[in-house]
Amino acid sequence: MVEQADVVIAGARCAGAVAAATLARRGHHVIAVDPARFPSTTVSTHLLFAGGVAELARAGVLERVEKIGAPRLSRAFIGGPGHAAAGAFNPVDGFDYGMCVRRAPLDAALVETARDAGAEIREGHRVTGVLWENGRAVGVRVRVGERPGRRRPRPRPERTRP
Ligand SMILES: Cc1cc2nc3c(=O)[nH]c(=O)nc-3n(C[C@H](O)[C@H](O)[C@H](O)COP(=O)(O)OP(=O)(O)OC[C@H]3O[C@@H](n4cnc5c(N)ncnc54)[C@H](O)[C@@H]3O)c2cc1C
């Protein structure tokens, strides 16, 4: 099946969902695909610096993220063997605090925001290739119905009876 869209985005977490929301708000027909099904987690710790909080505000998702219930952090501490640093966050766009938000609800909030903005977010879909015409990317190939974390079973070696 061939479909048309102005923009197709591979991945629908921090980068993909925010790009989808921003472009959809500007009137583009956006489809973002991700093999994940949200809410789902990914490899990451959970600290948002003040710059990250400011980005959420710019993307129009901060209110939704605050409802997840993460408290504002006024001070940061980073330590390692022989080294430690503590202090306040440098303000960005007037935000002088950080937050610690688990990725599953954070990413789900980003996806909901992109959908509210009019983007189509297709879960369980993976981009498997880029279509080229005259040296330009003109589309993508997508595999539908993928379950994250599940791979095709490897063929088992044949068993021989003793
Ligand atoms: C161990 C660790 C700790 C971290 N701790 C922090 C932290 O405390 N604070 C912080 O701000 N940042 C942290 N980061 C960085 C942060 O996780 C990344 O900057 C952020 O996740 C990047 O967002 P992203 O949307 O670009 O990518 P991701 O969050 O990685 O999302 C990419 C998405 O693309 C999808 N995808 C991949 N291939 C395809 C495909 N072919 N087709 C469709 N979809 C596809 C994946 O399923 C995934 O959902 C950490 C990172 C790591 C690894």
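This structure is a prediction, so every number in the text was calculated from the model and none was measured.

1. Details of the packing of helix α1 (residues 14-25) against helix α4 (residues 103-116)
(1) Moving on: Where α1 contacts α4, the two axes come as close as 8 Å, and the packing angle between them is 20 degrees. With respect to α4, the element α1 is oriented roughly parallel. For the pair α1 and α4, the sense of crossing is left-handed. Contact with α1, carried on its side by C14, A17, V18, A20, A21 and A24, involves L110, V111, T113 and A114 of α4 and no other residues of that element.
(2) Moving on: The residue makeup of the contact of α1 with α4, split by class, is nine nonpolar, one polar and no charged.

2. Structural notes on the nonpolar core
Within soluble globular proteins, side chains that are nonpolar generally end up buried alongside one another.
(1) Moving on: Within the largest apolar cluster, 31 residues are counted, with the highest numbers of intra-cluster contacts made by A17, A20, A21, A32, A114 and A119.
(2) Moving on: Sorting the residues of this core by element identifies β1 (7-10), α1, β2 (30-34), α2 (50-58) and α4 as the ones contributing at least two each.
(3) Moving on: Top element by residues in this core is α1. It accounts for six residues.
(4) Moving on: When sequence neighbours within four positions are dropped, the list of residues in contact with A21 reads A59, G60, T113, A114, A117 and A119.

3. Considering the environment of F49
(1) Moving on: Within the secondary structure, F49 is located in the loop between β3 (47-48) and α2.
(2) Moving on: Separated by 46 residues in sequence, F49 and F95 have C-alpha atoms that sit 9.5 Å apart.
(3) Moving on: Apart from the residues lying within four places of it in its own chain, the contact partners of F49 are F89 and G98.

4. Description of the sheet that holds strand β4 (residues 72-73)
(1) Moving on: As summarised here, the arrangement of the three strands in space is β3-β7-β4, forming an open sheet in which the pairing is antiparallel. What marks the edges here is a single partner per strand, and that holds for β3 and β4.
(2) Moving on: Alignment of β4 against strand β7 (residues 98-100), held across two bridges, turns out to be antiparallel. Residue L73 lies in a different strand from β7, and its bridge partner there is G98.

5. Examining the site of the ligand
(1) Moving on: Neighbouring the ligand are 20 residues, the closest being G11, R13, C14, A15 and S44.
(2) Moving on: For the shell around the ligand, the secondary structure elements donating two or more residues are α1, β2, β3 and β9 (125-133).
(3) Moving on: The dominant element in the shell around the ligand, judged by the number of residues it contributes, is α1, at three residues.
(4) Moving on: By residue class, the composition of the shell around the ligand is ten nonpolar, seven polar and three charged.

6. Notes on the pairing of strand β5 (residues 75-80)
(1) Moving on: The element β5 is barely covered by neighbouring structure, given that only zero of its six residues are classed as buried.
(2) Moving on: From the end of β5 to the start of strand β6 (residues 83-88), which pair antiparallel, there are two residues, and G82 there has a positive phi angle of about 80 degrees.

7. Focus: α4
(1) Moving on: Over its 14 residues, α4 runs 20 Å from end to end, which matches the ideal 20 Å to within 8%, given 1.5 Å per residue.
(2) Moving on: Looking at α4, one finds that the buried residues are L106, D107, A109, L110, V111, T113 and A114.
(3) Moving on: For α4, the elements touching its buried residues are α1, β2, α3 (62-66) and β8 (120-123).
(4) Moving on: A positive backbone phi angle near 110 degrees is found at G118, which sits one or two residues after α4.

8. Focus: the UniProt feature "domain: FAD-binding" (unreviewed entry) in the protein chain
(1) Moving on: The sites that carry the UniProt feature "domain: FAD-binding" (unreviewed entry) are, in the present numbering, residues 5-144.
(2) Moving on: The span residues 5-144 carries 29% helix and 36% strand; its end-to-end C-alpha distance comes to 17 Å.

9. Overview of the sheet that holds β1
(1) Moving on: Taken in spatial order, the three strands make up an open sheet running β1-β2-β8, and their pairing is parallel. The open sheet has two free edges, formed respectively by β1 and β8, since each of these has just one partner strand. For this sheet the average axis-to-axis angle between neighbouring strands, irrespective of direction, equals 20 degrees.
(2) Moving on: As judged from the four bridges shared by β2 and β8, these two strands associate in the parallel manner. Looking at β8, one finds that A32 is bridged to I121.
(3) Moving on: In this fold α1 packs onto β1, β2 and β8, with an angle of close to 170 degrees to the strand it touches most, β2.

Basis of the calculations
- Residues numbered from 1 in each chain as written.
- Predicted model: local features only at pLDDT ≥ 70, side-chain atom pairs only at ≥ 80, totals over all residues.
- Axes fitted to C-alpha atoms, helices over the stretch in contact; angles between N-to-C directions.
- Helix = DSSP H or I, 4+ residues; strand = E, 2+ residues; numbered from the N terminus.
- Parallel < 35°, antiparallel > 145°, perpendicular 65-115°, else oblique.
- Left-handed = near helix turned anticlockwise from the far one by under 90°.
- Contact = placed C-beta atoms within 7 Å.
- Nonpolar A, V, L, I, M, F, W, Y, C, P; charged D, E, K, R; others polar.
- Core = buried A, V, L, I, M, F, W, Y, C linked by C-beta atoms within 7 Å.
- Buried ≥ 20, exposed ≤ 12 C-beta atoms within 10 Å, placed from the backbone.
- Pairing = 2+ DSSP bridges.
- Near = placed C-beta within 6 Å.
- Expected span 1.5 Å × (residues − 1).
- UniProt positions renumbered as here; feature names shortened; annotations may be inferred.

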